[in-house]
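Commentary on secondary and tertiary structure
Here is what each chain is made of, one letter per residue.
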Amino acid sequence: MEMESAYKEALALDEQDELSAYRSRFISGDEKLIYLDGNSLGRLPAESKAIVDRTVNLEWGERLIRSWNADWFTKNRELGDKIARIAGASEGEVIVTDTTSVNLYKLAHAALKYKEGRRRIVTDELNFPSDIYILQGLVKAFGDGYELTVVPSRDGLTIDTGDLKANIDDNTALVSLSHVAFKSAFRYNMREITSLVHAKEAMMLWDLSHSIGAVPGELNASGADLAVGCTYKYLNGGPGSPAFLYVRKDLQDKLSSPIWGWFGEKNPFDFTLEYRHGEGISRFLAGTPPILALKTIEPTLDMMNEAGMERIRKKSVEQSEFLLKLAEEFLHPLGFRPGSPLDPEKRGSHVSLRHPEAYRICKALIDPGVGDYVVIPDFREPDNIRLGITPLYTTYTEIFLAVREISEIVENKLFLKYLSNREKVT
Ligand SMILES: Cc1ncc(COP(=O)(O)O)c(C=O)c1O
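Note that this is a predicted model, so its numbers are computed, not measured.

We note that the domain assignment places domain 1 (3-45 + 308-417) and domain 2 (71-306) within the chain. Distance between the C-alpha centres of domain 1 and domain 2: 29 Å. Contacts between the two partners involve 29 residues from domain 1 and, on the opposite side, 25 residues from domain 2. Residue assignment for the side of domain 1 that touches domain 2 shows that the elements contributing at least two residues are helix 11 (309-331) and strand 10 (350-354). Among the elements that make up the side of domain 1 that touches domain 2, the one with the highest residue count is helix 11 (five residues). Residues that form the side of domain 1 that touches domain 2 fall into these classes: nine nonpolar, 13 polar and seven charged.

If you want it as structure tokens, here you go:
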């Protein structure tokens, strides 16, 4: 295939794209910018910008504290219900609060207490390090024979189901895994894994940070017990927007958060001095929600529920397959190899490509002085360039142009002028 025919194919695919209208609902000032990092920090929806303006100027500036009784007090629950639809959960099972790390701590702690007597937590080495740190901290805090088993990956990209199964035993209280792995995009089969965890009567906690809004959720269908996830990636909530947590309905009254804050109390404005657990999912709240950062999540949830997760997933798979086809044709001969599973059933919505010079290639891609476009992917140690596919705004033409830029940079060795020392945020 020639570059020219790949370009024509990309243009034709964009013509046929039934979700193409959503792109105009995001702010994009720079036509020469190709943004393939929506799996890390999503683009800004125009409606989110308007909401910030309204919340600051009208709700805070004019309405002041009266806004708590308008919709501020209930917003984290309302947004939770909208996330529930995307995640395959039911009303009242999801709430937006805190960070993913803090939510993971709260739910893992609750699970260990509920399964008292069992002392093992199982995770895998592809999990996000923060999740592993939280679990290590819990094991240390619980002490007394508690242990964390980190199942290794055989190929660095995937986890063998048999290896996972072999590590779940009658002493296992909790299995905590990322549904989609942050580096390779490896995706677990949520139904299969949840049922093998339940077969050992352990609890299953999913981190959906890299799958929410990218693949249709199966929380209820799989019978999952618990889940957490962030809102600043595919849900475009903005930097540091609060995370969410899910607790299956029948478990809510059986579990207890380790942080008994006033927002998790039955009626915070009774100001009683003895804590009473709040109703249902609200018992997992702790303190005052960050209203400005919370409200920006809603526009994407509305777009996703309108577009439908099945259509979003279909486009994500088609775009990822297009990218992998171009990579095989134009990038593998230049020393790249896949850093993600090739089977779409085993993949989320980003594609990692590996190259020994990945870091310096990323530097050249984002340098406005190199090539015709600025391409923003991200880099993950030791040699991964992650390319995020976000179907609400990514075009096939952008995918083609990104591959063309990468190939030109490598072919002409334009990365050689950059240093390999890493910046703080890669
Ligand atoms: C899979 C996964 N889990 C957890 C986190 C940590 O999220 P937070 O910073 O909200 O605690 C991230 C952050 O990117 C992540 O990708």
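After presenting the structure, the write-up continues.
Interhelical geometry of helix 1 (residues 3-16) versus helix 13 (residues 396-411) gives an angle of 155° and a closest axis separation of 7 Å. One element, helix 1, and the other, helix 13, form an angle in the roughly antiparallel class. Contact with helix 1, carried on its side by Met3, Ala6, Tyr7, Ala10, Leu11, Leu13 and Asp14, involves Tyr396, Thr397, Ile399, Phe400 and Arg404 of helix 13 and no other residues of that element. Split into classes, the residues belonging to the contact of helix 1 with helix 13 amount to nine nonpolar, one polar and two charged.

Cut-off values and rules
Residues numbered from 1 in each chain as written. Predicted model: local features only at pLDDT ≥ 70, side-chain atom pairs only at ≥ 80, totals over all residues. Domains from an automatic or database assignment. Contact = placed C-beta atoms within 7 Å. Helix = DSSP H or I, 4+ residues; strand = E, 2+ residues; numbered from the N terminus. Nonpolar A, V, L, I, M, F, W, Y, C, P; charged D, E, K, R; others polar. Axes fitted to C-alpha atoms, helices over the stretch in contact; angles between N-to-C directions. Parallel < 35°, antiparallel > 145°, perpendicular 65-115°, else oblique.

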